[in-house]
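Listed below are the residues making up each chain.
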Amino acid sequence: MDSAKSLPVAVIGAGPVGLAAAAHLLERGLEPLILEAGPAAGAAIEQWRHIRLFSPWRFNIDGAAVRLLEATGWESPRPTALPYGGELIDQYLTPLAALPEIASRLQTGAKVLAVTRTGMDKTHTSNRDTTPFVVRVQHEDGETRDHTVAGVIDASGTWSIRNPLGTSGLAAIGEDAAADRISAPLPDVTGRDRAAFAGRRVLVVGAGHSAANTLISLADLAKEEPDTRILWAVRGASAEKVYGGGDADGLPARGQLGARLRRLVEAGTIELHTGFGISSLKSLDSEVTVGSVDGRILEADIVVPCTGFRPDLEILRELRLELDPAVEAPRELGPLIDPEFHSCGTVPPHGAKLLAHPDKDFYIVGMKSYGRAPTFLLATGYEQVRSVAAALAGDREAADTVQLELPETGVCSSDAGTSCDVPAAAAPSAEDGCCTAPEPVLVGFPTGLSHGRSGSN
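To keep things clear, this report deals only with the structure shown in the data block. No experiment lies behind these values; they were computed from the predicted model shown. (Residues numbered from 1 in each chain as written. Predicted model: local features only at pLDDT ≥ 70, side-chain atom pairs only at ≥ 80, totals over all residues. Heavy atoms only, no water.)

1. Describing the overall build of the protein
Next up, step 1: When helices and strands are counted, the protein shows 13 helices and 15 strands.
Next up, step 2: Here the protein holds 457 residues, and 57% of them are scored as buried.
Next up, step 3: Considering only intrachain contacts with a sequence separation of at least 6, the fraction spanning at least 24 residues in the protein is 72%.
Next up, step 4: With the model as given, the accessible surface of the protein reaches about 18,300 Å², and the carbon-plus-sulfur share is 50%. (Helix = DSSP H or I, 4+ residues; strand = E, 2+ residues; numbered from the N terminus. Buried < 20%, exposed > 50% of the residue type's maximum accessible area, 1.4 Å probe, protein only. Contact = heavy atoms within 4.5 Å. Areas by Shrake-Rupley, 256 points an atom, 1.4 Å probe, with all protein chains shown as cover.)

2. Considerations on the pattern of salt bridges
Next up, step 1: For the coordinates displayed, the defined rule picks out 28 salt bridges.
Next up, step 2: Linking Glu-31 and Arg-105 is a salt bridge whose minimum nitrogen-to-oxygen distance equals 2.8 Å. Residue Glu-31 is located in the loop between helix H1 (16-27) and strand E2 (32-36), and its partner Arg-105 is located in the loop between helix H5 (100-103) and strand E3 (106-108); the two are separated by 74 residues in the primary sequence.
Next up, step 3: Glu-31 sits in the partly exposed class, given a relative accessible area of 37%.
Next up, step 4: We note a salt bridge from Glu-287 to Arg-201, for which the minimum N-O separation is 3.0 Å. Taken together, the residues Glu-287 in the loop between strand E11 (278-283) and strand E12 (288-292) and Arg-201 in strand E8 (residues 201-205) connect sequence positions 86 residues apart. Here Glu-287 and Arg-201 have matching classes, each one buried.
Next up, step 5: In this structure, a network of salt bridges that share partners links the residues Arg-201, Glu-287, Glu-299 and Asp-301. (Salt bridge = Lys/Arg side-chain N within 4 Å of Asp/Glu carboxyl O.)

3. A short note on the layout of surface pockets
Next up, step 1: Considered as a void within the structure, the largest pocket measures approximately 890 Å³ in volume.
Next up, step 2: Lining the largest pocket are 41 residues, with Ala-44, Ser-156, Gly-157, Thr-158 and Trp-159 sitting closest to its centre.
Next up, step 3: Looking at the lining of the largest pocket, the elements that each hand over two or more residues are H1, E2, helix H2 (43-46) and strand E4 (111-117).
Next up, step 4: Residues belonging to the lining of the largest pocket are distributed by class as follows: 24 nonpolar, 12 polar and 5 charged. (1 Å grid on protein atoms, 1.4 Å probe; cavity = no way out; pocket = protein on both sides within 12 Å on 5 of 7 lines; lining within 4 Å. Points joined across faces, edges and corners; volume = space filled by probe spheres on them. Nonpolar A, V, L, I, M, F, W, Y, C, P; charged D, E, K, R; others polar.)

4. Re the environment of Glu-287
Next up, step 1: Using a relative accessible area of 12% as the deciding quantity, one classes Glu-287 as buried.
Next up, step 2: In contact with Glu-287, other than residues within four places in its own chain, are Arg-181, Arg-201, Lys-282, Glu-299, Ala-300 and Asp-301.
Next up, step 3: Among the polar contacts listed, one links the side chain of Glu-287 to the side chain of Arg-201, at a separation of 3.0 Å. (Polar contact = N/O pair within 3.5 Å; in protein donor to acceptor, adjacent residues only side chain to side chain.)

5. As for the nonpolar core
Next up, step 1: One finds Leu-19, Tyr-92, Leu-96 and Val-365 to be the most contacted residues of the largest nonpolar core, which totals 61 residues.
Next up, step 2: Only strand E1 (9-12), H1, helix H3 (63-70), helix H4 (85-98), helix H11 (352-355), helix H12 (378-392) and helix H13 (396-400) provide two or more residues apiece to this core.
Next up, step 3: For this core, the element with the most residues is H12, which contributes 8 residues.
Next up, step 4: When near neighbours in sequence (up to four residues on either side) are disregarded, Leu-96 contacts Leu-19, Ala-65, Leu-68, Leu-69 and Ile-102. (Core = buried A, V, L, I, M, F, W, Y, C linked by side-chain atoms within 4.5 Å.)

6. Describing H4
Next up, step 1: Taking 1.5 Å per residue, 14 residues should reach 20 Å; H4 reaches 18 Å between its end C-alpha atoms and fits that length.
Next up, step 2: The largest bend in H4 amounts to roughly 30° and is located at Tyr-92, with the proline Pro-95 lying one to four residues further along.
Next up, step 3: Taken together, the buried positions of H4 are Gly-85, Gly-86, Leu-88, Ile-89, Tyr-92, Leu-93, Leu-96 and Ala-97.
Next up, step 4: Packed against the buried residues of H4 are H1, H2, H3, H5, E3 and H12. (Expected span 1.5 Å × (residues − 1). Bend = angle between axes of the 7 residues up to and from the residue.)

7. Some points on the side chain of Thr-116
Next up, step 1: Counting through the fold element by element, Thr-116 comes out in strand E4.
Next up, step 2: Of note is the side chain of Thr-116, whose polar atom sits 3.1 Å from the backbone oxygen of Met-120.

8. Brief notes about the sheet that holds strand E6 (residues 144-149)
Next up, step 1: Here we have 3 strands laid out as an open sheet, ordered E4-E5-E6, and antiparallel in their pairing. Two strands bound the open sheet, and with one partner strand each, they are E4 and E6. For this sheet the average axis-to-axis angle between neighbouring strands, irrespective of direction, equals 25°.
Next up, step 2: The sheet contact formed by strand E5 (residues 133-138) and E6 spans 6 bridges and is antiparallel. Looking across to E6, one finds that Phe-133 is bridged to Val-149. (Pairing = 2+ DSSP bridges. Axes fitted to C-alpha atoms, helices over the stretch in contact; angles between N-to-C directions.)

9. As for the sheet that holds strand E9 (residues 229-233)
Next up, step 1: The strand order E10-E9-E8-E14 describes an open sheet built from 4 strands, whose pairing is parallel. Since the sheet does not close on itself, it has two edges, and those belong to strand E10 (270-273) and strand E14 (302-305), each with one partner. Here the average twist between neighbouring strands, direction ignored, is 20°.
Next up, step 2: In this structure, E8 lies alongside E9, joined through 5 bridges in parallel fashion. Following the sheet pairing, Val-202 is matched in E9 by Ile-230.
Next up, step 3: Across the sheet, helix H7 (residues 209-224) lies against E8, E9, E10 and E14, angled at about 165° from E9, the strand it touches most.

10. Focus: unusual backbone geometry
Next up, step 1: Not every positive phi belongs to a glycine, and Ser-168 is a case in point at roughly 60°.
Next up, step 2: Relative to the elements of secondary structure, Ser-168 occurs in the loop between strand E7 (151-154) and helix H6 (194-197).
Next up, step 3: Even without being a glycine, Leu-186 presents a positive backbone phi close to 50°.

Treat this as a map of the structure, not an account of what it does.
Structure representation (structure tokens):
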């Protein structure tokens, strides 16, 4: 950033990784401009605050962020405890965002519409590397303004774009028209969203841990609201991968999750439909009918999509990106995280070098950097932004020296619904915060999977 040192670095997104990026930039003497589309830091996590993470606190907080917080007397949560999403916000992100160093640089209600180079679209090459970026932002006052910045760190995540319910990567026919019958991912069915599910026919679609948690919560709701009917559709031939390893699972809480889900299916509390690739949805006055590619029909009042997420690349259309053709991650990173071959515990540490794109000083970090791969960990994102901040500051040695201290046990959930950190099963005991894996020579723990997919949606 030699030609633009007086300009700030735009950080898109004020989630855990975005705020960590800002903290590392500050330590490097660089000026962050943090742009958050939601009303507050951690707005996406707010949507699943009722969900408990698999990974303990010590892997969910960033070193530079902690150094800022501790200077104010902040006390870190118990490192082995497994936080809920709400606790991650209330005990960590909100205090971090309130610090004067962060708050003075954070703009909420700031939706990024586009990122480009000043005065040039992606076809122009001359002096491109030394030309500042322009970030076009729609602010909460309704005004759209352009911000000139020296570099851009896109930590906007993937929560805003879920994968479609249909097969072949496409929306099912009629899916858009049936939007009023489709809930948000990870609804709080026993709490905030209870009224939308109580006493209704609910179809959960997906075969990851997000689906498992939603199904179990619906079973709890059905105990109090016996008219609640629970249907579950997966594309695969069975749900065995979702059930997991039971007592052999490296995380007892997750093993219990699968075992409980299996019992609910076997007892008939949950009606499982396998091999159900969705081809169509038709919204009627009283219900939605969901058709499969083989002609079967399910009738429901509401559909819960637990099909995973994908990155929003539209705002980056005028940048020169180099993406892996399969997972839409940075090209060099893609083969290292492809869920066909990797789970969270087999992804090596990586930083600015692997995250770089042809447009110099632009980086995608955090969950969005993994594209469509579900193998992301917060700890991985924190190492990413430490390296990226070093690169932007011109410290190439620090940027290239990447290391990630993951435990030999207990942080990876291989959840195709959101990321490897969420969600977890019902509250485990304190002893469950770190669990012994049968093969401690591996990073990660046994999942019953040879890759990073929980199963077929």
